[in-house]
Amino acid sequence: MELGNLTGFSEFLLLGLSEEPELQPLIFGLFLSMYLITVLGNLLIIMAISSDSHLHTPMYFFLSNLSLVDICVTSTIIPKMLWNIQTQNKVITYEGCITQMYFFLLFSGLDNFLLTVMAYDRFVAICHPLHYTVIMNPRLCGLLVLVPWIMSVLHSLLQCLVVLRLTFCTDLEIPHFFCEIKQMVLLACSDTFLNNMVMYFAAGLLGGGPLVGILYSYSKIVSSIWGIPSAQGKYKAFSTCVSHLSVVSLFYGTALGVYLSSAVTHSSHSSAAASVMYTVVTPMLNPFIYSLRNKDIKRALKRLLGMAVMKGRLVLGLKKCT
């Protein structure tokens with residue numbers, strides 16, 4: 001008898017990165033460290049931008065949103081992974097799996113869109129500098145964040161709805177450290193044609209579309225920079241794009257590497273290991289990329305940390321007095 005989604009089973013097994021017991025403490029410590037660094041680093045970026053009035057510009061508004069989304073991406077998958085390792089229990093409920101898949105698709109899609117929006121911001125700043133404040137007005141900036149939210153919510157909802165119609169058999173082991181949609185579809189014993197079509201269409205439209213937008217923006221940026229007569233002017237214009245270019249290269253390079261490696265090796269475990277790069281490593285490195293190469297962010301971070309130290313000393317002084 002064919003088992004249904006809601007009547008035949010209620011949970012999946014997340015096999016994780018490795019089933020070797022001696023590697024579990026190492027994996028737990030490594031991922032806990034990366035998660036804490038990711039959350040702390042991105043929180044510092046958000047707090048630095050919000051506390052410094054000089055950073056209340058479109059570029060830093062989009063950066064703070066990107067940092068928030070990076071925290072959400074990792075928080076969707078890493079805490080459950082750490083809990084499973086700590087309790088030595090690989091179980092995730094069917095409802096939990098669908099929920100995790102929904103939010104991962106939502107926030108990873110937002111990451112993609114925000115990088116495109118930031119590329120457009122750099123395009124306007126370099127190609128139309130005199131009209132930058134007029135074009136990138138608060139209303140447009142709000143829309144450039146709201147529209148990606150709406151599109152990402154609708155996309156992740158659509159993907160989850162087509163997964164909910166699937167029937168799963170007895171093999172409920174997911175060879176991954178989170179409920180990745182492709183792995184779930186592979187476990188289904190009912191027809192997955194619609195799921196595959198939706199996945200490929202979404203990958204082409206919502207993955208390829210933003211990438212084309214980024215490439216187009218940078219083609220115009222390069223053309224404008226090339227027309228600047230002085231070498232100092234060229235360097236100054238290009239330096240405003242270096243951090244964003246680094247993040248884009250890291251995000252798309254690692255995501256493309258995941259799918260190429262899975263296509264070549266046909267190994268689910270190698271695909272899971274490669275997925276660590278764009279799900280964990282990229283969000284962790286983003287704050288370092290933006291802070292190390294950005295004088296404004298470094299100045300805001302120093303001011304923020306200085307204020308924290310002063311408050312700490314004030315609290316200690318009050319305690320001693322009492």
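Counting from 1, residues in each chain are numbered in the order their sequence is written. With the structure being a predicted model, the display of local features is reserved for residues of pLDDT at least 70 and the display and counting of side-chain atom pairs for 80 or more, all residues being used for whole-chain, interface and lining totals. Neither water nor hydrogens contribute to the side-chain values; these are computed over all heavy atoms in the structure.

If you check an unreviewed UniProt entry, the protein appears there as Olfactory receptor from Myotis brandtii. Within the UniProt record for the protein, the comment given under Sequence similarities (unreviewed entry) is "Belongs to the G-protein coupled receptor 1 family." UniProt positions are given in the numbering used here, feature names are shortened, and annotations may be inferred rather than shown by experiment.

1. What to know about the overall build of the protein
A count of helices and strands for the protein gives ten helices and three strands. Along the protein, helices and strands appear, N-terminal first, in the series β-α-α-β-α-α-α-β-α-α-α-α-α. The buried share of the protein, reckoned over its 322 residues, is 46%. Considering only residue pairs separated by 6 or more positions, the protein has 79% of its internal contacts joining residues 24 or more positions apart. The Shrake-Rupley method, run with a 1.4 Å probe sphere, supplies the accessible areas, and residue values consider only the shown protein chains as cover. With an accessible surface of roughly 17,000 Å², the protein has 71% of that area assigned to carbon and sulfur atoms. Going along the chain from the N terminus, every DSSP run of H or I of four or more residues is numbered as a helix, and every run of E of two or more is numbered as a strand. Think of it in three bands: residues with accessible area under 20% of the maximum for their type are buried, residues over 50% are exposed, and the middle band is partly exposed, with areas taken using a 1.4 Å probe on protein chains only. It only takes one pair of heavy atoms within 4.5 Å for two residues to be counted as in contact.

2. Comments concerning the state of the cysteines
Cysteine sulfur atoms are paired as a disulfide whenever they fall within 2.5 Å. Inspection of the entire model under this criterion finds one disulfide. Residue pairing for C97: its cysteine sulfur links by disulfide to C179, the two sulfurs lying 1.9 Å apart. Because the torsion about its S-S bond is -115°, the bridge between C97 and C179 counts as left-handed. In this pair, C97 sits in helix α3 (residues 94-127) while C179 sits in the loop between β3 (173-174) and α6 (181-187), placing the two residues 82 residues apart along the sequence. Under the relative-accessibility criterion, C97 is labelled buried at 0%. For C179, a relative accessible area of 1% corresponds to the buried category. Not engaged in a disulfide, the cysteine C241 finds its nearest cysteine sulfur in C127; these two sulfurs lie 8.9 Å apart.

3. Comments concerning the packing of aromatic side chains
Any pair of Phe, Tyr and Trp rings, taking the six-membered ring for Trp, is counted once the centres come within 6.5 Å. Such a pair is stacked with planes under 30 degrees apart, edge-to-face with planes over 60 apart, and tilted for the rest. For the structure shown, the criterion picks out eleven aromatic pairs. Summarising the aromatic geometry, the rings of F61 and F62 are spaced 5.6 Å apart at their centres and angled 55° between planes, so their arrangement reads as tilted. Judged by relative accessible area, which is 0%, F62 ranks as buried. Taken together, F31, F104, F177 and F178 form an aromatic cluster joined through their ring pairs.

4. Considering the packing of α3 against helix α7 (residues 193-226)
Packing of α3 against α7 leaves a shortest axis separation of 9 Å and a crossing angle of 20°. Compared by their axis directions, α3 and α7 come out roughly parallel. When the axes of α3 and α7 are compared, the crossing they make is left-handed. For the pair formed by α3 and α7, the contact residues are N112, F113, L115, T116, A119, Y120, R122, F123, I126 and C127 on the first element and L206, G207, P210, I214, S217, Y218, K220, I221, S224 and I225 on the second. As a working rule, the residues Ala, Val, Leu, Ile, Met, Phe, Trp, Tyr, Cys and Pro are called nonpolar, Asp, Glu, Lys and Arg charged, and the rest polar, with Gly in that last group. Within the contact of α3 with α7, the residues separate by chemical class into 13 nonpolar, five polar and two charged. Angles here are taken between N-to-C directions and fall from 0 to 180 degrees, while the axes themselves are lines fitted to C-alpha atoms, restricted in helices to the stretch in contact. Angular relationships are summarised with four words: roughly parallel below 35 degrees, roughly antiparallel beyond 145, roughly perpendicular across 65 to 115, and oblique for the angles in between. The sense of a crossing depends on the near helix, which, turned anticlockwise from the far helix by less than a right angle, makes the crossing left-handed and, turned clockwise, makes it right-handed.

5. What to know about the environment of Y94
Here Y94 lies in helix α3. Judged by its relative accessible area of 3%, Y94 falls in the buried class. A sequence separation of 70 residues divides Y94 from L164, and the C-alpha atoms of the two residues are 10.0 Å apart.

6. Examining the nonpolar core
Core analysis: the biggest nonpolar cluster contains 87 residues, and F12, F31, L63, F168 and M184 have the highest contact counts within it. Here this core takes 19 residues from α3, the largest share from any one element. As used here, the term nonpolar core means buried Ala, Val, Leu, Ile, Met, Phe, Trp, Tyr and Cys residues forming a set that is joined through side-chain atoms within 4.5 Å.

7. Some words on the sheet that holds strand β1 (residues 11-14)
Strands qualify as paired when DSSP identifies two bridges or more between them. Pairing in this open sheet of three strands is mixed, and the strands run β2-β1-β3 from one edge to the other. Edge positions in the sheet fall to β2 (91-93) and β3, since each of these pairs with one other strand and no more. Where β1 and β2 come together, three bridges link them in antiparallel fashion. Paired with L13 across the two strands is V91, which belongs to β2. Set on the sheet, α3 makes contact with β1, β2 and β3; between it and β2 the angle comes to about 80°.

8. Re the packing of helix α1 (residues 24-51) against helix α2 (residues 58-87)
Any two packed helices are characterised by how steeply their axes cross, that is the angle between the axes, and by the distance between the axes. Between α1 and α2, the shortest axis-to-axis distance is 9 Å and the interhelical angle comes to 160°. Classified by the interaxial angle, the pair formed by α1 and α2 is roughly antiparallel. Two packed elements cross with a definite hand, and for α1 against α2 that hand is left-handed. Its residues assigned to classes, the contact of α1 with α2 comprises 19 nonpolar, eight polar and one charged.

9. A word on the pattern of salt bridges
When a carboxyl oxygen of Asp or Glu is within 4 Å of a side-chain nitrogen of Lys or Arg, the pair counts as a salt bridge. Counting across every chain of the model gives three salt bridges. D52 serves as the salt-bridge partner of R303, at 3.5 Å between the closest nitrogen and oxygen. On the criterion of sequence distance, the pair formed by R303 in helix α10 (residues 295-321) and D52 in the loop between α1 and α2 is long-range, its members being 251 residues apart. We classify R303 as partly exposed; its relative accessible area is 40%. Since its relative accessible area comes to 1%, D52 is described here as buried. Notably, a salt bridge pairs D296 with R299, separated by 3.2 Å at the nearest N-O pair. You can see D296 and its partner R299 sitting in helix α10, three residues apart, about one turn around the helix. For D296, a relative accessible area of 30% corresponds to the partly exposed category.

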